[in-house]
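Inside the fold
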Amino acid sequence: MLELRVRWVLLVVVSLANLGGAAVVLLFAIFVVPDPPLADPQYARLVNTVAFFSYPVVAAPVTLLVGLRLWRPVVRLVRDKGVPDAVQRRAVLLGPLRLTLLVGVMWGGGAAGWFLLDLILFTGRLAVKVGLTCLLGAMTTCTIVYLLSERLLRPAAALVLASEPPRGLRLPGVTTRVMLAWALGTAVPIFGLVCVAIAALVAPGIGTAQLAVTVLGLGGAALVVGMQVTYIATRAVADPIASVREGMARVERGDLGARVEVYDASEVGQLQAGFNHMVAGLREHQRLRDLFGRHVGEEVAVLALESGDIRLGGETREVAVLFVDLAGSTRLADSRSPDQVVALLNAFFGVVVNVVGRHGGWINKFEGDAALAIFGAPTRLPDAAGAALGAARELAVRLRAEVPQLDAGVGVSAGPVVAGYIGAEQRFEYTVIGDPVNEAARLSDLAKTFPGRVLASGALLRAARPAEAEEWELGASVILRGRSRPTRLAMPHPPFVPAARRRLLPRPRVVRRRRPPAGDTPPWPGIVRQVKPSRTRIPGRKPFRRSEAAGEAPRDDQTTPVHPMAGNLATPPPSADPTPSPDAGSMPPSDAEAMVDDD
């Protein structure tokens, strides 16, 4: 379709433009400009009529042959639709101007020949009249050729300018187009009026009626033709600007895929190409910002982009910290291929990121098989503690439902931390430093031994909103590994489960056995833990160990020394009379283990 359009541009545009120019010549020669006194007016009209219709018979084939030669690279480009070379680029971008110059040369030759013919055979006044009339026709024809061919060649120009913006070519721009429209719509009619006035002064025989008809004809032509030509010229400028404005509106709506077709090699085309370059820069900026946000978190990315100058250090913030850590990651890596491990980790972290984001948190970092989430930094939250507790409860439920192959512990803490940029000037990251991070990590380790797999610091319940605090229950105080102060444990309430779906949950019990001191045995007793199953029903809980639920004997790793020096003591015989400890009997075995400081 484009090839057909380009092929017909030359024939149709040139033919219509020449017909328009010929109509202007006839109008001016017969009705507008009166003839000067002649000895034989009939003979003069016959000679001029034959000359008028004979010249196109010679000029039209020459114009078509030369035009087709100039048009050949354009036709080859639209047919092959490949990458344009330098010749094709110049042929397309300079095509309207070259065609206009070709038509202008042919009209100029015709006007010169007609002027000489009347000057030799008749009078100089008739030669001036014919010559000026031909020049008016040439102006009309050239204007129509340029405006129409430039508009019809826009698809071909778009193919050329899509590969390279317009550079190095000085083409008619907005000013030239406006001047061409003025020449055809205003200058030609006014020039005709000037010619009529001169003829009236030189030839007193021109009557009032003839002069009035001439003025009315020229005035009507100025109104009609001027409106049409001005419309074509303004559309040639307004269409590219409208396309750029439409593209800007799409960018304002957030559509960075907007692109404007560049089909003009003038300053208007440079405006179109500049818009495309601007949008391409915005897309690249958005892509980098998206990648930056995926690496460090959207909140940190926004903070870095908006703050400008970044300095190392930070500020004290009250935040809540959620730490989630996989259990048995070493066994997981040993029993599965690396691709399977990566797929499981991606599914696991996908749930973590989704849940934390839903509650307004920010993933600070992924640490192998663990993740650290912060609530309250860098973006402040009105209820950071409640958001972290809610995220922990939802995270435990969704991990069991969506990634049942994995087991993870979730720990939640809160308190003052330093939030800011840590590292060196060449490489740094935004993170939080403080005791709540360590406490949340220890709680996540301890939570792996609890059926619900979720533990929080009891201090969080006082800071959370009442609706969220009511979903939790307080437990015993323990000293977590590596810490000197006790931590009050908090666990979420178990979900309600109908009686038909309740299962037995073994409740671990800690029993202390004392061995009488003998010889060089240390004076303090060895404290060991024995796990015994019970038949206590707790709604919505599943057995933690199948061997314990079935009443089997505990494995070797279920009897663990809990005192720093207990490893040197022998396990008391089964016949020894156990003495339950009142303070440890209600504490889960993991709590007793947590009191050991491995540091």
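Structure: see above.
This text gives an overview of the structure that appears in the document. (Residues numbered from 1 in each chain as written. Predicted model: local features only at pLDDT ≥ 70, side-chain atom pairs only at ≥ 80, totals over all residues. Heavy atoms only, no water.)

The next thing to look at is the overall build of the protein. Helix and strand content of the protein: 18 helices and eight strands. Relative to its full complement of 599 residues, the protein shows a buried share of 42%. Taking the intrachain contacts of the protein between residues at least 6 apart in sequence as the baseline, contacts between residues at least 24 apart amount to 74%. A total of about 32,200 Å² of accessible surface is found on the protein, and carbon and sulfur atoms cover 61% of it. (Helix = DSSP H or I, 4+ residues; strand = E, 2+ residues; numbered from the N terminus. Buried < 20%, exposed > 50% of the residue type's maximum accessible area, 1.4 Å probe, protein only. Contact = heavy atoms within 4.5 Å. Areas by Shrake-Rupley, 256 points an atom, 1.4 Å probe, with all protein chains shown as cover.)

Let's shift gears to the packing of helix H7 (residues 174-202) against helix H8 (residues 208-252). Orientation of H7 relative to H8, taken along the N-to-C sense of each, is 180°, at an axis distance of 9 Å. As judged from the angle between their axes, H7 and H8 are roughly antiparallel. Across the interface between the two elements, Val174, Arg177, Leu180, Ala181, Leu184, Gly185, Pro189, Gly192, Leu193 and Val196 of H7 pack against Leu211, Thr214, Val215, Leu218, Ala222, Val225, Gly226, Val229, Thr230, Ala233, Ala236 and Val237 of H8. Residues belonging to the contact of H7 with H8 are distributed by class as follows: 16 nonpolar, five polar and one charged. (Axes fitted to C-alpha atoms, helices over the stretch in contact; angles between N-to-C directions. Parallel < 35°, antiparallel > 145°, perpendicular 65-115°, else oblique. Nonpolar A, V, L, I, M, F, W, Y, C, P; charged D, E, K, R; others polar.)

Attention now moves to the side chain of Asn48. Within the element layout of this structure, Asn48 appears in helix H2 (residues 41-80). By relative accessible area, Asn48 is classed as buried at 10%. At 2.6 Å, the side chain of Asn48 forms a polar contact with the backbone oxygen of Ala44. A polar contact of 3.4 Å, which involves the side chain of Asn48, links it to the side chain of Asp118. (Polar contact = N/O pair within 3.5 Å; in protein donor to acceptor, adjacent residues only side chain to side chain.)

For the peptide bond that leads from Ala377 to Pro378, omega is -5°, which places it in the cis range. Along the chain, the position of Pro378 falls in the loop between strand S3 (370-375) and helix H13 (384-402).

On to helix H14 (residues 435-447), then. When the terminal C-alpha atoms of H14 are compared, their 18 Å separation across 13 residues agrees well with the 18 Å that a helix rising 1.5 Å per residue should span. Of all the residues in H14, the buried ones are Pro436, Val437, Glu439, Ala440, Ala441, Leu443, Ser444, Leu446 and Ala447. (Expected span 1.5 Å × (residues − 1).)

The subject of this paragraph is the layout of surface pockets. By volume, the second largest pocket is sized at about 630 Å³. Together, 25 residues line the second largest pocket, and Asn18, Tyr55, Pro56, Ala59 and Trp107 are the ones closest to its centre. Residue assignment for the lining of the second largest pocket shows that the elements contributing at least two residues are helix H1 (2-32), H2 and helix H4 (95-121). Ranked by residues supplied to the lining of the second largest pocket, first place goes to H2 with nine residues. (1 Å grid on protein atoms, 1.4 Å probe; cavity = no way out; pocket = protein on both sides within 12 Å on 5 of 7 lines; lining within 4 Å. Points joined across faces, edges and corners; volume = space filled by probe spheres on them.)

To continue, consider the environment of Ala199. Mapped onto the secondary structure, Ala199 falls in helix H7. Along the backbone, Ala199 and Pro36 are 163 residues apart, and their C-alpha atoms lie at a distance of 8.1 Å.

One pass over the full model with this rule turns up seven aromatic pairs. Taking 5.5 Å as the distance between ring centres and 65° as the angle between the ring planes, the aromatic pair formed by Trp362 and Tyr430 counts as edge-to-face. In this pair, Trp362 sits in strand S2 (residues 362-367) while Tyr430 sits in strand S5 (residues 428-433), placing the two residues 68 residues apart along the sequence. By relative accessible area, which is 8% here, Tyr430 ends up buried. An aromatic cluster of at least three residues, connected via ring pairs, comprises Phe52, Phe53 and Trp114. (Phe/Tyr/Trp six-rings, centres within 6.5 Å; stacked < 30°, edge-to-face > 60°.)

Attention now goes to the nonpolar core. In terms of nonpolar packing, the biggest core is built from 41 residues, with Leu322, Val324, Phe348, Phe375, Leu395 and Val412 touching the most fellow members. When residues of this core are traced back to their parent elements, those giving at least two are strand S1 (313-327), helix H12 (338-358), S3, H13, strand S4 (407-423), strand S6 (454-457) and helix H15 (459-463). Here the element with the most residues in this core is H13; it accounts for 10 residues. Residues contacting Phe348, with those up to four places away along its chain left out, are Val324, Leu326, Asp369, Leu399, Val403, Leu406 and Ala408. Core analysis: the second largest hydrophobic core is formed by 35 residues, Leu77, Trp107, Trp114 and Tyr263 among them. (Core = buried A, V, L, I, M, F, W, Y, C linked by side-chain atoms within 4.5 Å.)

Nothing here speaks to function; it is geometry throughout.
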